[in-house]
Amino acid sequence: MARQASASKRAIHHSRTRNKSFVVKMYLLGTLLSLAGISSVVEAVEFDSTVIREHIAVLSADSLEGRKVGSEGEAKAAEYIIEQFQQIGLKPAGDDKSFKQAFEFTSEIRFGPSNSLKIDSRELKIGDDFVPLKISHVGDFSFTSLVYVGFGIELDSVEHHDYEGIDVEGKAVLISRFAPDGNEPHSAYYDAATIDAKIAEATKHGVSGIFFFTPEDQDDSLSQRKRSHPTERDIPIFYLKRTVFDDKHSTPEALASSSFSGEADLQRIKSTGHNVLGFLAGKKATDNRTVVVGAHYDHLGWGGPGSGSLYTGKEPQIHNGADDNASGTAGVIELARYFASKADELDYSILFMTFSGEESGLLGSNYFVKNPTIELDDVTFMINMDMIGRLKEEKGLPVQGVGTSPAFKEYFEKYDGDFKITTSESGVGPSDHTAFYNGGVPTLFFFTGAHKQYHRPTDDVGMINASGEASVLTFVSSCIERFAASTPKLEFTKTKDDAPGKSPRFTVTLGVMPDYTWEEKGLHIDGVTEERAADIAGILSGDIVVKIGEYEIADIYAYMAALSKFRKGDTTQVVVDRDGTELTMTLIF
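First, a word on scope: everything that follows refers to the structure included in this document. Numbers given for residues are sequential positions, taken from 1 along each chain in its written order. For this predicted model, a pLDDT threshold of at least 70 governs which residues receive local features, and a threshold of 80 or more governs which side-chain atom pairs are given and counted, while totals over whole chains, interfaces and linings are taken from all residues. Computation of side-chain values: all heavy atoms of the structure, hydrogens and water removed.

Focus: unusual backbone geometry
For step 1, the next point in the chain: Of note, the amide linkage connecting D324 to N325 takes the cis form, showing an omega dihedral of 0°.
For step 2, the next point in the chain: Strands are runs of DSSP state E lasting at least 2 residues, helices are runs of H or I lasting at least 4, and numbering of each runs from the N terminus. Inspection of the secondary structure puts N325 in helix 7 (residues 322-340).
For step 3, the next point in the chain: The backbone of L362 shows a phi angle near 55°, a positive value even though the residue is not glycine.
For step 4, the next point in the chain: Summarising the element assignment, L362 is placed in the loop between strand 16 (349-355) and helix 8 (363-370).

With respect to empty space enclosed by the protein
For step 1, the next point in the chain: A cavity here means a set of 1 Å grid points, computed over protein atoms only, where a 1.4 Å probe fits but cannot escape. A pocket is an open set with protein on both sides within 12 Å along at least 5 of 7 lines, and lining residues have an atom within 4 Å of a point. Grid points are joined across faces, edges and corners, and a volume is the space filled by probe spheres set on the points. This model, assessed by the stated rule, comprises two cavities of 30 Å³ or more.
For step 2, the next point in the chain: By volume, the second largest cavity amounts to about 30 Å³.
For step 3, the next point in the chain: What lines the second largest cavity is simply I109, K134, S136, V138, E232, L266, Q267 and R268.
For step 4, the next point in the chain: When residues of the lining of the second largest cavity are assigned to their parent elements, the largest contribution, three residues, is made by strand 14 (residues 266-280).

Some remarks on the pattern of salt bridges
For step 1, the next point in the chain: Any Lys or Arg side-chain nitrogen found within 4 Å of a carboxyl oxygen on Asp or Glu counts as a salt bridge. Enumeration according to the criterion identifies 21 salt bridges in this entry.
For step 2, the next point in the chain: Notably, a salt bridge pairs R233 with D555, separated by 3.3 Å at the nearest N-O pair. Taken together, the positions of R233 in the loop between strand 11 (209-213) and strand 12 (237-240) and D555 in the loop between strand 24 (551-552) and helix 13 (556-563) put the pair 322 residues apart, joining distant regions of the chain. Across this residue pair, the class does not change: R233 and D555 are buried.
For step 3, the next point in the chain: A salt bridge links E481 to K342; its shortest N-O distance comes to 2.5 Å. Of this pair, E481 sits in helix 11 (residues 466-484) while K342 sits in the loop between helix 7 and strand 16, placing them 139 residues apart in sequence. Comparing E481 with K342 shows no difference in burial state: the two are buried.
For step 4, the next point in the chain: Where salt bridges share partners, they join E201, K204, E550 and K565 into one cluster. Whether a residue is buried, partly exposed or exposed follows from its accessible area with a 1.4 Å probe, protein chains only, as a fraction of its type maximum: under 20%, in between, or over 50%, in that order.

Things to note about the nonpolar core
For step 1, the next point in the chain: Among the nonpolar cores identified, the biggest contains 66 residues, and F352, F412, F446 and F475 are the most heavily contacted of them.
For step 2, the next point in the chain: The element best represented in this core is helix 11, accounting for ten residues.
For step 3, the next point in the chain: Look past the residues within four positions of F446 in its chain and what remains in contact with it is I383, N384, M385, D386, I388, L397, P398, V399, F475, V476 and C479.
For step 4, the next point in the chain: In this description, a nonpolar core means a group of buried Ala, Val, Leu, Ile, Met, Phe, Trp, Tyr and Cys residues linked to one another through side-chain atoms lying within 4.5 Å. With 28 residues, the next largest nonpolar core counts V528, Y557, A562 and L563 among its residues. Whether two residues are in contact is decided by their heavy atoms: any pair within 4.5 Å suffices.

Some thoughts on the packing of helix 2 (residues 49-59) against helix 11
Packed helices, taken two at a time, are described by the angle between their axes plus the distance between the axes.
For step 1, the next point in the chain: Throughout, an axis means a line fitted to C-alpha atoms (over the contacting stretch in the case of helices), and angles, computed between N-to-C directions, take values from 0 to 180 degrees. Where helix 2 meets helix 11, the axes come as close as 8 Å, and the angle between the chain directions of the two elements is 110°. By the angle between their axes, helix 2 is roughly perpendicular relative to helix 11. Only A466, S467, E469, A470 and L473 of helix 11 make contact with helix 2, whose side of the interface consists of S49, I52, R53 and I56.
For step 2, the next point in the chain: Along the lines of polarity and charge, the residues of the contact of helix 2 with helix 11 split into five nonpolar, two polar and two charged. In what follows, roughly perpendicular refers to angles from 65 to 115 degrees, roughly parallel to angles under 35, roughly antiparallel to angles over 145, and oblique to any angle outside these ranges. Under the convention adopted here, Pro, Cys and the residues Ala, Val, Leu, Ile, Met, Phe, Trp and Tyr are nonpolar, Asp, Glu, Lys and Arg are charged, and Gly plus all remaining residues are polar.

Structural notes on the environment of A558
For step 1, the next point in the chain: Take A558: it is sitting in helix 13.
For step 2, the next point in the chain: For A558, a relative accessible area of 3% corresponds to the buried category.
For step 3, the next point in the chain: C-alpha of A558 to C-alpha of T203: the two residues are 355 residues apart in sequence and 10.0 Å apart in space.
For step 4, the next point in the chain: Sequence-distant contacts of A558, that is, excluding residues within four places in its chain, are made with R233, E552 and I553.

Structural notes on the environment of I269
For step 1, the next point in the chain: Relative to the elements of secondary structure, I269 occurs in strand 14.
For step 2, the next point in the chain: Of the residues examined, I269 reaches a relative accessible area of 21% and is grouped as partly exposed.
For step 3, the next point in the chain: Placed 164 residues apart in sequence, I269 and F105 show a C-alpha to C-alpha distance of 8.5 Å.
For step 4, the next point in the chain: In this structure, I269 is in contact with F105, T106, S107, E108 and R110, ignoring residues within four places of it in sequence.

Side note on the side chain of R177
For step 1, the next point in the chain: Secondary-structure assignment places R177 in the loop between strand 10 (172-176) and helix 4 (190-193).
For step 2, the next point in the chain: Only four residue types enter the charge count, namely Lys and Arg as positive and Asp and Glu as negative; His and the chain termini do not. Of the side chains with opposite charge, D220 comes closest to the buried, unpaired R177, at an N-O distance of 5.7 Å.
For step 3, the next point in the chain: Looking at R177, its side chain comes within polar contact range of the side chain of T214, at 3.0 Å.
For step 4, the next point in the chain: Excluding its chain neighbours within four sequence positions, the residues that come into contact with R177 are F151, I195, K198, F212, F213, T214, P215, D219, S221, L222 and Y239. Throughout this description, a polar contact denotes any pair of N or O atoms lying within 3.5 Å of each other; where both atoms belong to protein, one of them has to be capable of donating a hydrogen while the other can accept it, and for residues adjacent in sequence the pair is counted only when both atoms sit in side chains.

What about helix 2?
For step 1, the next point in the chain: Within helix 2, eight of the eleven residues are buried, leaving the element largely enclosed by the surrounding structure.
For step 2, the next point in the chain: Taken residue by residue, helix 2 has V51, I52, E54, H55, I56, A57, V58 and L59 as its buried positions.
For step 3, the next point in the chain: Backbone nitrogen of T50 and a side-chain oxygen of the N-cap are separated by 2.9 Å at the start of helix 2; the cap is D48.

Overview of the sheet that holds strand 6 (residues 139-143)
For step 1, the next point in the chain: The pairing criterion is simple: DSSP has to find at least two bridges between the two strands. The sheet built from four strands is open, its strands ordered 4-3-13-6 with antiparallel pairing. With partners counted over all chains shown, the strands left at the sheet margins are strand 4 (122-123) and strand 6, one partner each.
For step 2, the next point in the chain: Sheet topology note: the strand 3 (residues 116-119)/strand 13 (residues 260-264) ladder contains four bridges and is antiparallel. Paired with S116 across the strands is E263, a residue of strand 13.

Details of the packing of aromatic side chains
For step 1, the next point in the chain: Centre distance within 6.5 Å is the pairing criterion for rings of Phe, Tyr and Trp, where only the six-membered ring of Trp is used; planes under 30 degrees apart are then read as stacked, over 60 as edge-to-face, and the remainder as tilted. Counted under the stated rule, the structure contains 31 aromatic pairs.
For step 2, the next point in the chain: Ring geometry for F103 against Y367: centres 6.2 Å apart, planes inclined by 35°, an arrangement best described as tilted. In this pair, F103 sits in strand 2 (residues 100-111) while Y367 sits in helix 8, placing the two residues 264 residues apart along the sequence.
For step 3, the next point in the chain: Look at F103 and you get buried, because its relative accessible area is 3%.
For step 4, the next point in the chain: Taking the relative accessible area as the measure of exposure, Y367 reaches 30% and is therefore partly exposed.
For step 5, the next point in the chain: Here F412 and F483 contribute two aromatic rings whose centre-to-centre distance is 6.3 Å and whose plane-to-plane angle is 35°, an arrangement assigned as tilted. Here F412 is found in helix 9 (residues 406-414), whereas its partner F483 is found in helix 11, with 71 residues between them in sequence. F483 carries the same exposure label as F412, and that label is buried.
For step 6, the next point in the chain: Each member of the aromatic cluster is reached from another via a ring pair, and the members are F381, F408, Y411, F412, Y415, F419, F446, F475 and F483.
For step 7, the next point in the chain: Its end group placed over the ring of F245, R242 keeps NZ or CZ at 4.3 Å from the ring centre. A positively charged side chain is recorded as over a ring if its NZ (Lys) or CZ (Arg) lies within 6 Å of the ring centre. The angle to the ring normal must also be within 35 degrees.

The values reported here are purely geometric and, on their own, carry no functional implication.
Shown next as structure tokens:
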């Protein structure tokens with residue numbers, strides 16, 4: 001897996017020397033694919049697999065340390081992409097006439113120096129005895145006692161009601177982690193036994209503080225989830241280690257009868273990520289019609305808890321992300337080179353973009369859609385490429401988003417060319433095209449499929465099928481030429497089906513796309529799926545969901561915890577904040 005910096009330099013040098021010959025080669029090479037129905041003006045071209053592999057080798061080198069958003073490795077990757085865009089002849093389309101667009105995000109929450117906790121007269125130590133949860137209210141607190149509520153679970157399906165007959169409103173509670181049957185992933189208690197679900201249940205009952213502890217027979221460690229833009233709650237929320245149970249406080253009941261006082265001191269560290277944008281103006285363009293061609297270039301850095309890594313080893317390792325998504329980034333660069341070579345023929349323009357922060361919740365693409373550097377109304381459609389480097393010919397190429405425009409649907413329904421494709425209508429999925437779909441832009445998402453190296457250190461350049469990616473780019477280029485030729489710009493349609501992916505543990509959803517960049521209270525809605533629960537209730541894009549049934553919605557995690565309380569067919573009330581006015585609607589799951 002290891003690669004030296006010298007290898008990266010050689011790859012950059014080879015890429016530079018190939019640039020001129022590659023442009024010429026693209027004109028001379030014959031058709032790779034026979035694409036049925038494509039007019040003669042749309043020529044299939046062949047892309048150079050050696051150049052593609054060189055880009056991926058540079059971007060997935062160990063020296064970039066996994067390209068984590070906001071890191072030095074991300075900055076190195078951005079400079080490489082900018083250098084390629086400059087050589088190709090693209091114009092800067094970022095901030096202040098540069099190739100970069102900056103966006104700020106919360107990268108870390110650190111414990112400040114003032115964290116403290118005293119039980120009766122006993123001073124406890126942070127880390128050894130307690131930690132504040134990173135969503136805790138910041139400030140001091142004092143409770144004469146706590147109310148012990150067992151596991152803090154209310155679950156009708158197993159007739160378990162820890163709050164029954166107990167008045168906790170305005171009081172702090174002591175809650176045991178997990179469930180009566182332990183920490184079983186297939187437990188009937190599972191959805192109600194998570195930290196988030198228990199916080200949702202406790203806040204529903206109006207508590208003024210929450211203190212968790214772990215039963216004696218369970219692992220006493222607590223790995224705090226890395227949350228995208230975590231929202232500070234209104235109450236202190238602490239985790240107590242087993243060390244707090246001494247002779248005087250040997251049982252949960254004895255501990256709860258003691259006084260608790262202290263302070264939560266949490267410092268939110270802000271970092272900056274960068275999108276990279278290059279613009280190609282078509283010389284024959286008579287309007288502002290623009291195609292966006294994009295891919296994310298960030299990855300998981302060194303992995304670790306909360307990063308999204310699936311690596312289970314003890315020693316941290318660089319997650320190079322060759323397929324995810326150095327492959328898509330290489331595709332953006334080489335498509336830019338191809339279209340720049342024929343700019344004189346184009347009657348439309350193309351914005352080539354590489355996003356950062358995708359792995360942390362589509363941060364870069366969401367930011368661009370909300371802060372576009374070109375008029376979003378001018379964008380006729382968006383192409384997204386995420387993991388296109390592992391094509392398996394027998395499985396073909398999945399293409400998602402074909403339902404986002406009638407032009408896409410008509411073409412792909414009739415397609416019978418040599419390239420094997422599978423289609424999905426949905427414009428929503430776990431990648432950057434979702435932000436554009438929610439912005440009303442038709443999208444096509446190209447993806448060659450999941451594999452065992454996904455989000456692991458083994459996603460390296462040696463696993464890349466560069467010739468397969470070359471054929472994918474040939475197909476993508478033909479799609480761009482076909483659909484960009486449509487005037488006026490393509491019609492946008494909403495899709496009704498769900499995007500593919502793992503099913504959540506909860507059995508109902510609203511049918512909304514959350515805004516993962518939102519840092520205020522509530523669940524800010526970026527998009528609403530037609531004919532789903534939210535749409536039927538009257539929820540609109542831009543609304544902020546603040547309550548579902550009896551459950552306060554502080555952030556996306558409170559939202560998911562609340563959903564676990566409902567089943568298909570349930571009816572409840574939902575409260576949304578729309579432009580400062582609270583509206584109550586009837587929600588049918």
